[in-house]
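Okay, here's what each chain looks like letter by letter:
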Amino acid sequence: MDTMKVETIGKEIIKPSATTPTDLSTLQLSIMDILMPPVYAVAFLFYTKDDLISQEQTSHTLKTSLSEILTKFHPFAGRVNGVTINSTDEGAVFVEARVDNCDLSGFLRSPDTESLKQLLPVDDEPAPTWPLLVVKATYFQCGGMAIGLCISHRLADAASLSIFLQAWAATARGESDSVASPDFFSTKLYPAANEAIKIPGEVVKRTSVTKRFVFVASKIEELRKKVASDVVPRPTRVQSVTSLIWKCAVTASTDKIREKALFQPANLRTKIPSLLSENQIGNFLFNSLTLDGKAGVDIVETVKELQKRAEELSGLVQHEEGSSMTIGSRLFGEIINSKFNFELHDMHSVTSWCKIPLYDACFGWGSPVWVAGSVSPDLENVTVLIDSKDGQGIEAWVTLHQDNMLLFEQSTELLAFASPNPSVLI
């Protein structure tokens, strides 16, 4: 495929259609929110052409529905102010672009990360205090389109991104009455942040590379069977893929001295449904830590460690009436008191977006034919796992230092189960 050329044809600020009440003008961030790196959580959604809807109608629908839904998600139209979000109604940024030298099917034949970055509405720079929400609608010459959605990680995790996306899509379909109000009570679980907390600075740019590896359902089943035994219960899809990726990442590391650590953020909404609603916005995550030892070189040992961490998390979140802050403090204490040390360990984070219903985002012209997810700017040693369209396979977006990626992508053990960047069929 020739180099794709994306031309910006419009850019505007979309403000909420109604003014935010003064009693909702300030949102207190939690400790977990403020410790997030200054990046955007990113989703890409691709749609084929709907012959009944023109590009002008599509553009109008996206912008008017965005303005309407921002009245419910008003912090997304605000600005970061230290450890709070001020709902200033400054708005979100909406960019429109077109691609004249490539159609959607051609792009999806080899959807490399450099081409994807052209569909982002932001540069490869740390997320600023404003805008917190940026959208880019890119129209291909065939009539297909891509929506690139960026939300500041200081305010939202992947589940929050999906909650907003589903609400926006429902509003675009004319079903705004069915949209439940989001819960922006960030300190419902973790303690409130204060100015004394050291906020992560700029993301250090390195010569990292992001590549896509696809595990189809049959290969994941093979992997699960390989791991399961009398002493190791059958692993989940995510546990089996995580263990393989981490083993291959540890093996590919050119630094053989520093100990390796695996971080696996867990979405707490499903773990504590009595405390956290399904519409909870914020960073309701818990980072499970696994140091390498045997786990870094043996898939079975890694799965055992991941299963052990899952059991420990279940114990930590056992709910007692009126103890939400107790649970939050206990969880945060576990993170603070972990054995991880940035000076001694190399961290690799594997975050799962599986079961997050991004493929349900229908704006009125059908469901996405393909979805991708990541963060911007790229964070080295981070893998994002996201469901394939069939809900059974997993697409892994792996970011490593370029020297490590050269070894990682040649791993025969990895390639026995994963295909490097196969075409997306539509």
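Criteria and cut-off values
- Residues numbered from 1 in each chain as written.
- Predicted model: local features only at pLDDT ≥ 70, side-chain atom pairs only at ≥ 80, totals over all residues.
- Heavy atoms only, no water.
- UniProt positions renumbered as here; feature names shortened; annotations may be inferred.
- Pairing = 2+ DSSP bridges.
- Helix = DSSP H or I, 4+ residues; strand = E, 2+ residues; numbered from the N terminus.
- Axes fitted to C-alpha atoms, helices over the stretch in contact; angles between N-to-C directions.
- Contact = heavy atoms within 4.5 Å.
- Salt bridge = Lys/Arg side-chain N within 4 Å of Asp/Glu carboxyl O.
- Buried < 20%, exposed > 50% of the residue type's maximum accessible area, 1.4 Å probe, protein only.
- Parallel < 35°, antiparallel > 145°, perpendicular 65-115°, else oblique.
- Nonpolar A, V, L, I, M, F, W, Y, C, P; charged D, E, K, R; others polar.
- Domains from an automatic or database assignment.
- Buried area = accessible area lost by both parts, 1.4 Å probe.
- Phe/Tyr/Trp six-rings, centres within 6.5 Å; stacked < 30°, edge-to-face > 60°.
- Core = buried A, V, L, I, M, F, W, Y, C linked by side-chain atoms within 4.5 Å.
- Expected span 1.5 Å × (residues − 1).

- An unreviewed UniProt entry annotates the protein as Transferase of Arabidopsis suecica.
- Note on the protein: under the UniProt heading Subunit (unreviewed entry), the record states "Monomer."
- Quoted verbatim from the Sequence similarities (unreviewed entry) field of the UniProt record, the comment on the protein reads "Belongs to the plant acyltransferase family."

### As for the sheet that holds strand β1 (residues 6-14)
Link 1 in the chain: Pairing within the open sheet is mixed, and its 6 strands lie in the order β1-β6-β7-β8-β3-β13. Edge strands, defined here as strands with exactly one partner in the open sheet, are β1 and β13 (370-376). This sheet shows a mean twist of 15° between the axes of neighbouring strands, independent of strand direction.
Link 2 in the chain: Inspection of the sheet shows strand β7 (residues 133-140) paired to strand β8 (residues 145-152) by 7 bridges, in the antiparallel sense. Counterpart to Thr138 in the pairing with β8 is Ala146.
Link 3 in the chain: On the sheet, helix α2 (residues 55-69) packs against β1, β6 (92-99), β7 and β8 and is oriented at approximately 170° with respect to β7.
Link 4 in the chain: Across the sheet, helix α5 (residues 158-172) lies against β3 (40-47), β7 and β8, angled at about 130° from β8, the strand it touches most.

### Observations regarding the pattern of salt bridges
Link 1 in the chain: Tallying each qualifying case throughout the model produces 24 salt bridges.
Link 2 in the chain: Between Arg269 and Asp157 there is a salt bridge; the shortest N-O distance is 3.0 Å. Highlighted residues: Arg269 in the loop between β10 (259-267) and β11 (285-291) and Asp157 in the loop between β8 and α5, separated in sequence by 112 residues. For the pair Arg269 and Asp157, one class covers both residues: buried.
Link 3 in the chain: Here Arg309 makes a salt bridge to Glu312, at a shortest N to O gap of 3.5 Å. Residue Arg309 and its partner Glu312 are located together in helix α8 (residues 299-316), separated by 3 residues, close to a single helical turn.
Link 4 in the chain: Arg309 sits in the buried class, given a relative accessible area of 17%.

### A few points about the packing of helix α6 (residues 217-227) against helix α7 (residues 237-252)
Axes are the key here: two packed helices are described by the angle between their axes and the distance separating the axes.
Link 1 in the chain: Running from amino to carboxyl end, α6 crosses α7 at an angle of 80°, the nearest separation of the two axes being 9 Å. When the axes of α6 and α7 are compared, the pair comes out roughly perpendicular. Judged by residue contacts, Ile220, Leu223 and Arg224 of α6 engage Arg237, Ser240, Val241 and Leu244 from α7.
Link 2 in the chain: Its residues assigned to classes, the contact of α6 with α7 shows 4 nonpolar, 1 polar and 2 charged.

### Overview of the domain arrangement of the protein
Link 1 in the chain: Looking at the assigned domains, one finds that the protein contains domain 1 (6-188) and domain 2 (208-355 + 375-420).
Link 2 in the chain: Of note, the centres of domain 1 and domain 2, computed from C-alpha atoms alone, are 26 Å apart.
Link 3 in the chain: With 40 residues of domain 1 at the interface, the matching set in domain 2 holds 26 residues.
Link 4 in the chain: Across the domain 1/domain 2 interface, buried area totals approximately 2,600 Å², and carbon plus sulfur atoms make up 61% of it.
Link 5 in the chain: Remark: the boundary between domain 1 and domain 2 carries 2 salt bridges.
Link 6 in the chain: A salt bridge links Asp378 to Lys117; the shortest N-O distance between them is 3.2 Å.
Link 7 in the chain: Partitioning the side of domain 1 that touches domain 2 into residue classes produces 25 nonpolar, 6 polar and 9 charged.

### A look at unusual backbone geometry
Link 1 in the chain: The peptide bond linking Trp130 to Pro131 adopts the cis configuration, its omega dihedral lying at 0°.
Link 2 in the chain: Here Pro131 is to be found in the loop between α4 (113-117) and β7.
Link 3 in the chain: Cis peptide bonds are those with omega within 30 degrees of zero, and the linkage from Ser376 to Pro377 qualifies with 0°.
Link 4 in the chain: Along the chain, the position of Pro377 falls in the loop between β13 and β14 (382-387).
Link 5 in the chain: With a phi close to 75°, Lys355 is a non-glycine residue in the positive phi region.
Link 6 in the chain: Along the chain, Lys355 turns up in the loop between β12 (345-352) and β13.
Link 7 in the chain: Residue Asn421 is not a glycine yet carries a positive backbone phi of 45°.
Link 8 in the chain: For Asn421, the location among the structural elements is in the segment after β16 (419-420).

### Observations regarding the packing of aromatic side chains
Link 1 in the chain: Counted by the stated rule, this structure contains 15 aromatic pairs.
Link 2 in the chain: With a centroid separation of 5.2 Å and 80° between ring planes, the pair formed by Phe73 and Phe164 is classed as edge-to-face. Of this pair, Phe73 sits in the loop between α2 and β4 (79-81) while Phe164 sits in helix α5, and the two are 91 residues apart along the sequence.
Link 3 in the chain: Looking at Phe73, the relative accessible area reads 1%, which means it is buried.
Link 4 in the chain: A network of ring pairs unites the aromatic residues Tyr47, Phe73, Phe76, Phe164, Trp168, Phe184, Phe363 and Trp365 as a single cluster.

### A word on the nonpolar core
Link 1 in the chain: In terms of nonpolar packing, the biggest core is built from 103 residues, with Phe46, Phe76 and Phe363 touching the most fellow members.
Link 2 in the chain: Top element by residues in this core is α5. It accounts for 10 residues.
Link 3 in the chain: Looking at which domains feed residues into this core, each of domain 1 (6-188) and domain 2 (208-355 + 375-420) supplies at least three.
Link 4 in the chain: Beyond its immediate sequence surroundings of up to four residues, Phe46 is in contact with Leu104, Phe107, Leu108, Leu116, Leu119, Met145, Ala146, Pro368, Val369 and Trp370.
Link 5 in the chain: Core analysis: the second largest hydrophobic core is formed by 31 residues, Phe213, Leu244, Leu385 and Leu414 among them.

### Details of α7
An α-helical segment advances 3.6 residues per turn. Residues three or four places apart therefore align on the same side.
Link 1 in the chain: With 16 residues, α7 should cover 22 Å at 1.5 Å per step; its first-to-last C-alpha distance of 23 Å lies within 8% of that length.
Link 2 in the chain: When you tally the buried positions in α7, you get 15 out of 16 residues, the bulk of the element.

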